[in-house]
Amino acid sequence: MINIIPQPVKININHEKKGYTINSNSKISQHYVAEELIMFVKNTLKKDILICNDGTENIILKTDSSFLYDEGYTIVCSDDTIIVTAKNDIGIFYAVQTLKQIFLQLDGIIPCFEIEDYPRFDYRGYLLDCGRYFFTVDEIIRIVDFIALHKFNVLHWHLTEDQGWRIEIKKYPLLTEKGSKRSHTNFNHKPHGGYYTQEDIKEIVAYCHAHKIKVIPEFDVPGHNVASIACYPYLSCFNRNLEVATHWGVKRDILCAGKESTYKFVYDVLDELIELFPDKIIHIGGDEAFKERWKICPECQKAIKENNLSCEDELQMFFMSKVNDYLKSKGCSSIMWGNDTDGDTDTLSTDIAWTVYKPNCTEESINKELERGRKLINTRNSAYYLDFPYGWTSLKQVCDDNGALTETDDDTWGIEACMWTEYVPNIKKLEFLTFPRLGAISENAWSPNGTATFQNFIDKADSYYKLLDVYNINYAPLKKACPSFIYKHASSVWFKRRVFHWEGIHTFFDNKKVERMTKNTVTD
Ligand code: ACM
Ligand code: ZN
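Keep in mind it's a predicted model, so treat the numbers as computed, not measured.

Notes on the overall build of the chain
Item 1. For the chain, the helix and strand inventory stands at 17 helices and 21 strands.
Item 2. Taken over C-alpha atoms, the radius of gyration comes to 25 Å for the chain, in line with the 24 Å a tight globule of 524 residues would show.
Item 3. Counting only C-alpha atoms, the chain reaches 85 × 50 × 45 Å along its principal axes.
Item 4. Sorting the 524 residues of the chain into buried and exposed places 59% on the buried side.
Item 5. Of the contacts formed within the chain by residues at least 6 apart in sequence, a portion of 75% connects residues at least 24 apart.
Item 6. For the chain, the computed accessible surface area is about 21400 Å², with 52% contributed by carbon and sulfur atoms.

With respect to the environment of Gly439
Item 1. Its place among the elements puts Gly439 in helix α14 (residues 437-446).
Item 2. Note: C-alpha distance between Gly439 and Pro6 (433 residues apart in sequence) is 6.7 Å.
Item 3. What Gly439 contacts, discounting residues up to four positions off in sequence, is Ile5, His150, Phe457 and Tyr464.

Regarding the coordination of the zinc ion (ligand 2)
Item 1. Of the protein atoms, only Cys237 (SG), Cys256 (SG), Cys297 (SG) and Cys300 (SG) coordinate the zinc ion (ligand 2), at distances of 2.3 Å.
Item 2. Note that the zinc ion (ligand 2) binds four donor atoms; their angles at the metal cover 104 to 115°, and the shape is tetrahedral.
Item 3. In terms of primary sequence, the donors binding the zinc ion (ligand 2) are separated according to C-x18-C-x40-C-x2-C.
Item 4. Using a relative accessible area of 0% as the deciding quantity, one classes Cys300 as buried.

A short note on the pattern of salt bridges
Item 1. All told, the structure shown has 27 salt bridges when counted by the stated rule.
Item 2. We note a salt bridge from Lys291 to Asp313, for which the minimum N-O separation is 3.2 Å. With Lys291 in the loop between β17 (281-285) and α8 (292-296) and Asp313 in helix α10 (residues 312-329), this residue pair connects regions lying 22 residues apart in the sequence.
Item 3. Under the relative-accessibility criterion, Lys291 is labelled buried at 9%.
Item 4. Residue Asp313 is classed as partly exposed on the basis of its relative accessible area, which comes to 21%.
Item 5. Across the pair Asp351 and Lys328 runs a salt bridge whose closest N-O atoms are separated by 2.6 Å. Placement of Asp351 in the loop between β18 (333-337) and β19 (353-356) and of Lys328 in helix α10 is noted, with a sequence separation of 23 residues between them.
Item 6. It is possible to trace a salt-bridge network through shared partners that takes in Asp344, Asp346, Lys368, Glu369, Arg372 and Arg374.

Describing the packing of aromatic side chains
Item 1. Per the counting criterion, the structure on display carries 33 aromatic pairs.
Item 2. With a centroid separation of 5.2 Å and an interplanar angle of 75°, the aromatic rings of Tyr94 and Trp446 are classed as edge-to-face. A residue pair is termed long-range when its members are at least 10 positions apart, and Tyr94 in helix α2 (residues 89-105) and Trp446 in helix α14 qualify at 352 residues. Comparing Tyr94 with Trp446, the two get one shared label, buried.
Item 3. On the numbers, 6.3 Å between centres and 85° between planes, the contact of Trp157 with Phe277 is edge-to-face.

Examining unusual backbone geometry
Item 1. Cis geometry is adopted by the peptide bond preceding Pro6, which originates at Ile5 and carries an omega value of -5°.
Item 2. Of note, Pro6 is situated in the segment before β1 (10-14).
Item 3. Cis geometry marks the peptide bond from Phe435 to Pro436, where omega comes out at 15°.
Item 4. One can find Pro436 in the loop between α13 (427-434) and α14.
Item 5. Although it is not a glycine, Lys46 adopts a positive phi angle of roughly 60°.
Item 6. For Lys46, a relative accessible area of 63% translates into the label exposed.

What about the nonpolar core?
Item 1. Counting 151 residues, the largest nonpolar core has Tyr126, Leu155 and Trp157 as the members making the most contacts within it.
Item 2. Residues Trp248, Phe388, Cys418 and Trp420 belong to the second largest nonpolar core, which totals ten residues.

Quick look at the side chain of Thr434
Item 1. Within the secondary structure, Thr434 sits in helix α13.
Item 2. There is a polar contact of 3.2 Å between the side chain of Thr434 and the side chain of Tyr126.
Item 3. Within the local environment of Thr434, its side chain forms a polar contact with the backbone oxygen of Leu430, the two atoms lying 2.7 Å apart.
Item 4. Setting aside residues up to four positions removed in sequence, Thr434 forms contacts with Tyr126, Leu386, Tyr390 and Met419.

A word on the packing of helix α1 (residues 34-44) against α2
Item 1. Between α1 and α2, the shortest axis-to-axis distance is 10 Å and the interhelical angle comes to 15°. With respect to their mutual orientation, α1 and α2 come out roughly parallel. The element α1 and its partner α2 pack so that their crossing is right-handed. When α1 is examined against α2, the residues Glu36, Leu37, Phe40, Val41 and Thr44 are found in contact with a partner set consisting of Phe93, Val96, Gln97, Leu99, Lys100, Phe103 and Leu104.
Item 2. For the contact of α1 with α2, a count of residues per class yields eight nonpolar, two polar and two charged.

The rules we used
- Residues numbered from 1 in each chain as written.
- Chains lettered and ligands numbered in written order.
- Predicted model: local features only at pLDDT ≥ 70, side-chain atom pairs only at ≥ 80, totals over all residues.
- Heavy atoms only, no water.
- Helix = DSSP H or I, 4+ residues; strand = E, 2+ residues; numbered from the N terminus.
- Rg over C-alpha atoms; globule rule 2.2 N^0.38 Å.
- Buried < 20%, exposed > 50% of the residue type's maximum accessible area, 1.4 Å probe, protein only.
- Contact = heavy atoms within 4.5 Å.
- Areas by Shrake-Rupley, 256 points an atom, 1.4 Å probe, with all protein chains shown as cover.
- Donors = N, O, S within 2.8 Å, 3.2 Å for Na, K, Ca; no water.
- Tetrahedral: all angles 85-135°; square planar, octahedral: opposite > 155°, others 65-115°.
- Salt bridge = Lys/Arg side-chain N within 4 Å of Asp/Glu carboxyl O.
- Phe/Tyr/Trp six-rings, centres within 6.5 Å; stacked < 30°, edge-to-face > 60°.
- Core = buried A, V, L, I, M, F, W, Y, C linked by side-chain atoms within 4.5 Å.
- Polar contact = N/O pair within 3.5 Å; in protein donor to acceptor, adjacent residues only side chain to side chain.
- Axes fitted to C-alpha atoms, helices over the stretch in contact; angles between N-to-C directions.
- Parallel < 35°, antiparallel > 145°, perpendicular 65-115°, else oblique.
- Left-handed = near helix turned anticlockwise from the far one by under 90°.
- Nonpolar A, V, L, I, M, F, W, Y, C, P; charged D, E, K, R; others polar.

Structure follows, in structure tokens:
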């Protein structure tokens, strides 16, 4: 038995033959990923593998352009060699991730076997919310190592939030000078802040690329912009003077969709993002944009009239489509949070892909968007929100999710695990919530439909935890990841309670204040 997560497509073991044992005379072909395997073997098996290129290698890494799958690979282990074949470096990289698990589990004593492997979905993402809490460059690099190990190929980097603006934008220096800091948090009365310089961003993008990971930055518009409004009040309806948000919750002050100056700001920020993120896909948010202010803002109302729109929801679709058009004109494409613009999406550009996160997005609306040609990524929070406690989303629940949004895999571009950080203030907590669920999500994203079950995962858990130990990961033990009924219930009650904190009395009274203040300013 060889336990690998995510489960490969095919694996055959031949116990009749002797196989190959890794030793200090083992040689591996020269290849930049070879270095990673050498380090892993040195740390775990305490053996030094040599790099060589003279035809005497025992671990052979070779590319073959006729190989069928872009990200796939085969590994064939016989009595004296382990041969990896892939179409390109990506497949070699994934084969090395698989070999690490095999070497560790079998202590370097490898039976004869053959593996054929390739991914189920093209898009396999991990969202990291650095807006609520700042994570250092070193911490992000650690996270990138983990996601690469699980054969994920996208880092969706959530960089702008109500509680903090995290990316240096040269044209708008206040965004980081002021917008990156909040005076206190939900958890304590200490200030919290931090941001990435453009040099930091380049370093992380380069690291991701070396690990076959694309980087999709998220600049969330028009909602989730209290930090930017705190720096530049003209971005909001009624030019409100706000502080960077301290607490969780969906804020009512969003970008004003009626002012040209808002579009100029958005385009200027996008111009700098386009330069920094060469993968040319940008997530433009679009979630949780409550329309209280737009309903009473003369400029938003004027925009609705002038553009023959029927309501504020259509104004948002107009806004998102305009931002998408701008990105398109610069050779980029965009993604937004799907089914969040309440109402019919007839007027929303079909070029915008969706991360579908609400479990109640109906089959009917999914099919409608598919017919329109929209690309859909499964981020349903019933299985893929890693910030939810195990009592809310157990490991079993993740394993049991099929992964696809419809009956056929072809309709789903991929899967994304979302690490929101409203209540994840440090990497230790992040790791606890991420593992072991990330292993199960990687199986939904990579392994053939139906091959990865909860029972299979449990059977492989010992080997998986041994792998996580190599990286010193602060994972949740199985007992916590699969909680009892009582614990599950208690945890759900606690989690529901947090909604009270999120929305808060503060938001309620603040809304009333704005309504009073603006009572007489509405046109018509
Ligand atoms: C989201 O959960 N607001 C995308
Ligand atoms: Zn407005």
